[in-house]
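Letter by letter, the chains look like this.
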Amino acid sequence: AAGGDRAARLAAVRADLGDCQRCRLAGGRKTIVFGQGNPEAELMFVGEAPGADEDEQGLAFVGRAGQLLTDIIEKGMKLRRADVFIANVLKCRPPQNRNPESDEILACQPFLEAQIRAIRPRVLVGLGKFGAQWLLKTAAPITRLRGQLGEYEGIPVMPTYHPAYLLRNAAGKKDVWEDMKVVLRLLGKPVPGE
């Protein structure tokens with residue numbers, strides 16, 4: 001599809017989401033965090049849910065974990081963050097950043113599905129347990145999924161650790177970099193340091 005089509009399809013998904021009241025999270029949020037980036041992205045990241053900074057700004061991955069994700073993309077992979085697309089399983093912040101509930105995930109599911117269909121990235125990255133499990137339709141723990149390529153509607157999926165986890169466990173950064181090297185190869189991009 002031409003780029004305009006993708007942007008238009010994405011805008012249609014956002015319009016359909018509207019001022020969403022489909023689950024209980026609507027009562028506690030400041031903003032809906034739709035996700036952002038290039039509608040023509042070849043690479044799309046899927047995280048868990050907005051946190052306080054994201055809820056405040058209406059943008060995905062803008063807090064400390066988001067800064068680390070930016071570093072992974074720009075300093076590590078040598079891509080521009082503006083060229084990828086970043087979204088979450090949930091579009092609204094759960095209270096106190098608790099884990100998403102299954103009914104909340106189900107209520108939000110059609111919108112992430114539609115986003116992925118609108119963009120049709122060449123590679124998807126599942127960030128952490130919820131992003132990876134959602135994309136791979138599995139309940140397996142992230143420690144087992146991490147680094148094992150799967151697929152979502154024919155698109156390769158790389159499950160990896162969430163940047164928030166890396167803030168607490170710096171040792172995991174090496175694993176994530178191994179995963180991102182695989183992603184770069186799938187995209188046909190140069191792997192820095194190789």
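These lines cover the structure that appears in this document, whether it is placed above or below.

1. Observations regarding the packing of helix α4 (residues 102–119) against helix α5 (residues 128–136)
A pair of packed helices is characterised by two quantities: the angle between their axes and the separation of those axes.
Thought 1: Viewed as axis vectors pointing N to C, α4 and α5 meet at an angle of 70°, and their least axial separation amounts to 12 Å. For the element pair α4 / α5, the angle class is roughly perpendicular. In this structure, α4 uses Ile105, Gln109, Leu112, Glu113 and Ile116 to contact α5, whose residues at the interface are Phe130, Trp134 and Leu135.
Thought 2: Taken together, the residues of the contact of α4 with α5 break down into 6 nonpolar, 1 polar and 1 charged.

2. A closer look at the environment of Asp16
Thought 1: By secondary structure assignment, the location of Asp16 is in helix α1 (residues 3–17).
Thought 2: Contacts of Asp16, omitting those with residues within four sequence positions, involve Arg22 and Phe111.

3. What about the pairing of strand β6 (residues 155–160)?
Thought 1: When you tally the buried positions in β6, you get 5 out of 6 residues, the bulk of the element.
Thought 2: Sheet topology note: the strand β4 (residues 123–127)/β6 ladder contains 4 bridges and is parallel. Pairing of Leu124 across the sheet is with Val157, part of β6.
Thought 3: Connecting the antiparallel pair strand β5 (residues 150–152) and β6 is a turn made up of 2 residues, with Glu153 showing a positive phi of about 45°.

About the thresholds
Numbering of residues starts from 1 in every chain and runs along the sequence as written. Residues qualify for local features only when their pLDDT is at least 70, as the model is predicted, and side-chain atom pairs are given and counted only at 80 or more; totals for whole chains, interfaces and linings, by contrast, use all residues. Values reported for side chains reflect all heavy atoms of the structure, with hydrogen atoms and water molecules removed beforehand. Axis definition: a line fit to C-alpha positions, over the contact stretch in the case of helices; interaxial angles, taken between N-to-C directions, run 0 to 180 degrees. Secondary structure elements follow DSSP: runs of H or I no shorter than four residues count as helices, runs of E no shorter than two count as strands, and numbering proceeds from the N terminus. Each angle receives one of four descriptions, namely roughly parallel if under 35 degrees, roughly antiparallel if over 145, roughly perpendicular if within 65 to 115, and oblique otherwise. Contact definition: two residues touch when any of their heavy atoms are within 4.5 Å. All residues other than Ala, Val, Leu, Ile, Met, Phe, Trp, Tyr, Cys, Pro, Asp, Glu, Lys and Arg, Gly among them, are scored as polar; the first ten of these are nonpolar and the last four charged. Buried residues are those whose accessible area, probed at 1.4 Å on protein chains only, stays under 20% of the maximum for their type, while exposed residues exceed 50% and partly exposed ones sit between those limits. Two strands make a pair as long as DSSP finds a minimum of two bridges between them.

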